[in-house]
Amino acid sequence: MSGPFETIDVERLRSGHGVKWGSLPPGTIGAWVADMDFGIPPAVRESLLEVTDRADFGYPYWPGEDPVVAAFEERMAARHGWRPRPGRARVFTDLLQILQVMIEYATAPGDGVAIHVPAYPPFLASIARAGRRIVPLPMTGDATGWHPPAGDLTALLREQGCRLLVLVNPHNPTGRVLTSDELRACADAAEELDLVVLADEIHADLVFAPHRHVPFASVGTAAARTVTATSATKAFNIAGLRCAVAHVGPDRLHDALAAAPLDFFGTPSTLSRVATLAAWRRSDGWLAELTRTLERNRRLIEEWAAGLPWDARYHSPQGTYLSWFDFTDSPIGGRAPAARLERLARVKLSEGAEFAQNTAVDTAAFARLNFATSTATLTEILDRLAAARE
């Protein structure tokens, strides 16, 4: 396929100069950061340029309802079959801010915060810095894929003194999309223990058929205890513009946030709001083409992993643009594989140990790869990884 999703110059990457690789050593290709190599949707670019041409950089202003909130509510209903409760959504800068705010308002120092591990490293760091206890819910892999922990979830959360459950779905880094039954098990536990659930659904628009994203708040009566956090930043490649939405279901949290000082949480800029509106309302054609490219790359990695002379115990992600590899039996050895691959193959991945920091879960043999790049660049990356030897 030609077009905006096949524009990466591999020769530039071989020289250490690429879109997302910054100051990497010459010859090193990076696939560790969380953004994509595909630019932004035309509608987003046009909207940003219109604002720039008008020199419209004053304070964000709109009559009536916040247009970002309205676009969020429309999208959840049209694309994911969930109608958010009106008047419960508010705009933040990003999901990490939403997590930090909800930790402070929903828990107290020393409380347990449960989260599936491996987990996005900044989330783990945020929980630890807040003085809360990380309660890991280890994801386990078998021949059929990655799975949340089996057993009595309610008993585990009660025993660990949890007050908040962080549910990342689709899951980063395994790419697992939780089923309705798995979500219901979490909802039942949260109901029995009166927990707040922070549902990070930022990758919801990046799910591969036949899998389907189910908003956690749509499961039974879960909406009343769920903070749904999402953003256009991942699916539409505008993370640096910083705009996210939180739909706050629990009454006590909603009331507490409403009583906070007006500017306590800051205000996303006009540019970030304009980009979000253009993404959610006018860029689904771009998203569809992006998804086709990611699907091709996903299948390429699956075939590559199946042909390796060692068992990577690899499972194709059901959502996201992230691959999670086990290097235990690889020729480079099973500890700190990302550092070794950067030295041996000149490819930079995300180190697996970071995805279990501050927990007893061992992910040191893993590494995460971002495959949101051109197929040519991805092929170069995979060739280098396959040839790496200690």
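Residues numbered from 1 in each chain as written. Predicted model: local features only at pLDDT ≥ 70, side-chain atom pairs only at ≥ 80, totals over all residues. Heavy atoms only, no water.

A. Just the packing of helix H4 (residues 95-106) against helix H8 (residues 251-259), in detail. Where H4 meets H8, the axes come as close as 11 Å, and the angle between the chain directions of the two elements is 105°. Classified by the interaxial angle, the pair formed by H4 and H8 is roughly perpendicular. Across the interface between the two elements, Val-101, Met-102, Tyr-105 and Ala-106 from H4 touch Arg-252, Leu-253, Ala-256 and Leu-257 from H8. (Axes fitted to C-alpha atoms, helices over the stretch in contact; angles between N-to-C directions. Helix = DSSP H or I, 4+ residues; strand = E, 2+ residues; numbered from the N terminus. Parallel < 35°, antiparallel > 145°, perpendicular 65-115°, else oblique. Contact = heavy atoms within 4.5 Å.)

B. Highlighting the pairing of strand E7 (residues 162-168). Buried residues dominate E7, accounting for six of its seven residues. Bridging between strand E3 (residues 112-117) and E7 involves four bridges; their strand directions are parallel. Note on E7: the bridge partner recorded for Ala-114 is Leu-165. The pairing of E7 with strand E8 (residues 196-200) spans five bridges and is classified as parallel. The partner of Leu-165 across the bridge, within E8, is Val-197. For the crossover from E7 across helix H7 (residues 180-193) to E8, the handedness is right-handed. (Buried < 20%, exposed > 50% of the residue type's maximum accessible area, 1.4 Å probe, protein only. Pairing = 2+ DSSP bridges. Right-handed = clockwise from strand over helix to strand, strands pointing away.)

C. A look at the nonpolar core. Within the largest apolar cluster, 59 residues are counted, with the highest numbers of intra-cluster contacts made by Leu-294, Leu-349, Leu-369 and Leu-385. A total of seven residues in this core trace back to one element, the largest contributor, which is helix H10 (residues 284-306). Discounting residues that sit within four places of it in the chain, Leu-369 has contacts with Ala-31, Ile-301, Tyr-321, Leu-322, Ser-323, Phe-325, Leu-349, Leu-378, Ile-381, Leu-382 and Leu-385. By size, the runner-up hydrophobic cluster in this structure holds 33 residues, among which are Ile-98, Ala-106, Ile-202 and Ala-356. (Core = buried A, V, L, I, M, F, W, Y, C linked by side-chain atoms within 4.5 Å.)

D. Structural context of the pairing of E3. Summarising burial for E3: six of the six residues are buried, a large majority. Summarising the sheet, E3 and strand E4 (residues 133-138) pair through six bridges and their orientation is parallel. The partner of Ala-114 across the bridge, within E4, is Val-135. The handedness of the E3 to E4 crossover, carried by helix H5 (residues 121-129), is right-handed.

E. Up close: the sheet that holds strand E9 (residues 226-230). Strand order in the open sheet formed by seven strands is E2-E10-E9-E8-E7-E3-E4, and the pairing between neighbours is mixed. Strands with a single pairing partner mark the edges of an open sheet, and in this sheet they are strand E2 (89-92) and E4. Neighbour-to-neighbour, the strand axes of the sheet open up by a mean angle of 20°, direction not taken into account. Direction of pairing for E2 relative to strand E10 (residues 244-248): antiparallel, over a ladder of four bridges. From the neighbouring strand, Arg-90 faces E10, where its bridge partner is Ala-246. Strand contacts of helix H3 (residues 67-80): E2, E9 and E10, with the helix running at about 120° to E2, the strand carrying the most contacts.

F. Quick look at the side chain of Ser-316. One can find Ser-316 in the loop between H10 and strand E11 (322-326). Among the polar contacts listed, one links the side chain of Ser-316 to the side chain of Glu-302, at a separation of 3.2 Å. In this view, Ser-316 contacts Arg-298 and Glu-302; residues no more than four positions away in its chain are not counted. (Polar contact = N/O pair within 3.5 Å; in protein donor to acceptor, adjacent residues only side chain to side chain.)

G. Structural detail: H4. Helix length check: H4 (12 residues) gives 16 Å between terminal C-alpha atoms against 16 Å at 1.5 Å per residue, within 8%. For H4, every residue scored as buried is listed here: Leu-95, Gln-97, Ile-98, Leu-99, Val-101, Met-102, Ile-103 and Ala-106. Measuring from the side-chain oxygen of the N-cap residue of H4 to the backbone nitrogen of Leu-96 gives 3.3 Å; that N-cap residue is Asp-94. (Expected span 1.5 Å × (residues − 1).)

H. The packing of H4 against H5, seen in detail. Running from N to C, H4 and H5 cross one another at 25°; their axes reach a closest spacing of 10 Å. Of the possible angle classes, the one that applies to H4 and H5 is roughly parallel. In this structure, H4 crosses over H5, and the sense of that crossing is right-handed. Along its contact with H4, which presents Leu-95, Leu-96, Leu-99, Gln-100 and Ile-103, the element H5 presents Pro-122, Phe-123, Ser-126, Ile-127 and Arg-129. Across the contact of H4 with H5, the residue classes break down as seven nonpolar, two polar and one charged. (Left-handed = near helix turned anticlockwise from the far one by under 90°. Nonpolar A, V, L, I, M, F, W, Y, C, P; charged D, E, K, R; others polar.)

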